[in-house]
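Structural description and commentary
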Amino acid sequence: MSVNLNYNEAELMAVLMSREVRDGEVSACGALSQLPATGLLLAKELQAPNAELIILNTVFRPFHTSRQFHFLAQRGELGLFFASGVQVDRHGNYNLHQLGTDPERPEVRFPGGYGGGMIYYCARRTVVFRTEHTRRSLVERVDFISATGSSPANVLRLGNPSKLITPKASFRFDKDAACLRLDSIHPSYTLDEIRENTGFDPGVTGPVATTLAPTTEELRVLRSVVRPKMIETGTYAAWAERALGLRV
Amino acid sequence: MGVPYIPVVGLVGTDLLARRDDMVLAPDPFDGKTISVVARAMRPDVAVFHVDKADRHGNVSCGYPAEAVILAEASQHVIVTAEEIVDRLEEKHAIGTFVPSILVDSVVHAPFGSHPAGMTGRYGPDKVHMQQYVAASRDDAAFGEYLRTYVFDVESHADYVERFVPRELQRPTRVA
């Protein structure tokens, strides 16, 4: 299937993330988070001029120590957090620690630590993103649970997973069923392609909407305001220069 | 903080929690029902951290924002290694985090003490050495060899700097 799209994959994901940001809330992302950083800055130019942004390890952060960030999260002051993992499963668990069936002898190790598993409980909404939509990244059950999608009712929890965003589709977290359900399919993809590339049942019960493609206005602001801002402020500057803006 | 343990919102159900014996689940002592993680306080016997400047009394200017105060408070004995020892360091002249001398037991002059990592404002990381370290960490034999070369067979810190810190890192390139 060949469709001419006027945006690239990074732009699509950044725009979809920006739509999750609400005005007046504190929204944050961690280190090595180019796409959420772009989405946060875009939202600030569009629907959320009064959003407080925390983009760790950049100029867009209100404080310098992890202790301050930890207790901000513990107090329940985070409205939205963006997280990613090497694997995400049907129950909204994600894995940022290690791959392999024997936990004592992992095949590969990743930088996962403590933060993600803490913030998943604290931010009112967490949007999980994964830049690879395949059966090895979206799995029935993660090899290692770094952050837990759902928890028993008697466990203290301030917030929940909200969505999973990939280059092909968006999933919504169904809190009652404690699972992810396909929410919308991005332009140019089909439900068959999503099923083929997803390692768990996408939980489809009726027709699935097509994701609203990035609008002309979203792409204009992304390319002419956010991209230069990222380059000027050293916010993933080299990446922004390379990845944002469609080469024709 | 001085508290014996602290509740933490989060982590319940993770494999991380399953593999730690210093974090357990416990009910809220006030309502007797709501479950959360309780983490035991860490009280290290010794903390060692590297900073930009220290004076002979143990006042410390880290040179960058760091969690050094909480680390020093938690630890029984605190050793600071510093790029530079100065006569007298006051909080208002500190760069980044300031640690008052009351929390510090020993100060050691150790220029290039961050090597092979970098030191904010002084020198960058030694990328070639870092790659060697990563390669050596793949198995026990290679790592044993690494330790022999860079730790056990080194006579002194000055000997380490002389032999292993590349000359280009040693150029005085103080940047703001």
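Residues numbered from 1 in each chain as written. Chains lettered and ligands numbered in written order. Predicted model: local features only at pLDDT ≥ 70, side-chain atom pairs only at ≥ 80, totals over all residues.

1. Observations regarding the domain arrangement of chain B
Applied cut-off: Source of the domain bounds: an automatic or database domain assignment.
Along its sequence, chain B is carved into domain 1 (5–40), domain 2 (43–110) and domain 3 (122–176). Taking only C-alpha atoms into account, the centre of domain 1 of chain B sits 40 Å from that of domain 3 of chain B.

2. Observations concerning the sheet that holds strand β11 (residues 169–174) of chain A
All names here are of chain A. Convention followed: Two strands are counted as paired when DSSP detects at least two bridges linking them. The helix and strand labels rest on DSSP assignments: H or I over at least four residues marks a helix, E over at least two residues marks a strand, and numbering proceeds from the N terminus.
Judged by pairing direction, the sheet is mixed, and its eight strands sit side by side in the order β2-β1-β3-β8-β10-β11-β12-β13 without closing on themselves. Each having just a single partner strand, β2 (52–55) and β13 (209–210) make up the two edges of the open sheet. Here six bridges tie β11 to strand β12 (residues 179–185), and the two strands are oriented antiparallel to one another. Across the sheet, the residue bridging to Arg172 is Arg181, located in β12.

3. What about the packing of helix α3 (residues 127–136) of chain B against helix α4 (residues 140–152) of chain B?
Helix-helix packing is characterised by the crossing angle of the two axes and by the distance between the axes. Residue and element names in this part refer to chain B. To be explicit about the condition: Lines fitted to C-alpha atoms define the axes, with helix axes restricted to the stretch in contact, and inter-axis angles between N-to-C directions lie between 0 and 180 degrees. An angle below 35 degrees is treated as roughly parallel, one above 145 as roughly antiparallel, one from 65 to 115 as roughly perpendicular, and anything else as oblique. For every residue pair, C-beta atoms are placed from the backbone, and the pair is scored as a contact if these atoms sit within 7 Å. Gly falls in the polar group here, along with every residue not listed as nonpolar (Ala, Val, Leu, Ile, Met, Phe, Trp, Tyr, Cys, Pro) or charged (Asp, Glu, Lys, Arg).
Interaxial distance between α3 and α4 falls to 8 Å at its minimum, and their mutual angle equals 140°. Here α3 is positioned oblique relative to α4, judged by the angle of their axes. The residues of α4 that touch α3, namely those facing Tyr133, Ala135 and Ala136, are Ala142, Phe143, Glu145 and Tyr146. The residue makeup of the contact of α3 with α4, split by class, is six nonpolar, no polar and one charged.

4. Topic: helix α2 (residues 34–45) of chain A
All names here are of chain A. Stated formally: Expected helix span is computed as 1.5 Å times (number of residues minus one). The exposure scheme places C-beta atoms from the backbone and then counts, for each residue, the other C-beta atoms within 10 Å of its own, assigning buried at 20 or more, exposed at 12 or fewer, and partly exposed in between.
Its 12 residues give α2 an end-to-end C-alpha distance of 17 Å, which sits within 8% of 16 Å, the value for a rise of 1.5 Å per residue. Within α2, 11 of the 12 residues are buried, which leaves the element mostly enclosed by the surrounding structure. Gln34, Leu35, Pro36, Ala37, Thr38, Gly39, Leu40, Leu41, Leu42, Ala43 and Lys44 are the residues of α2 that are buried.

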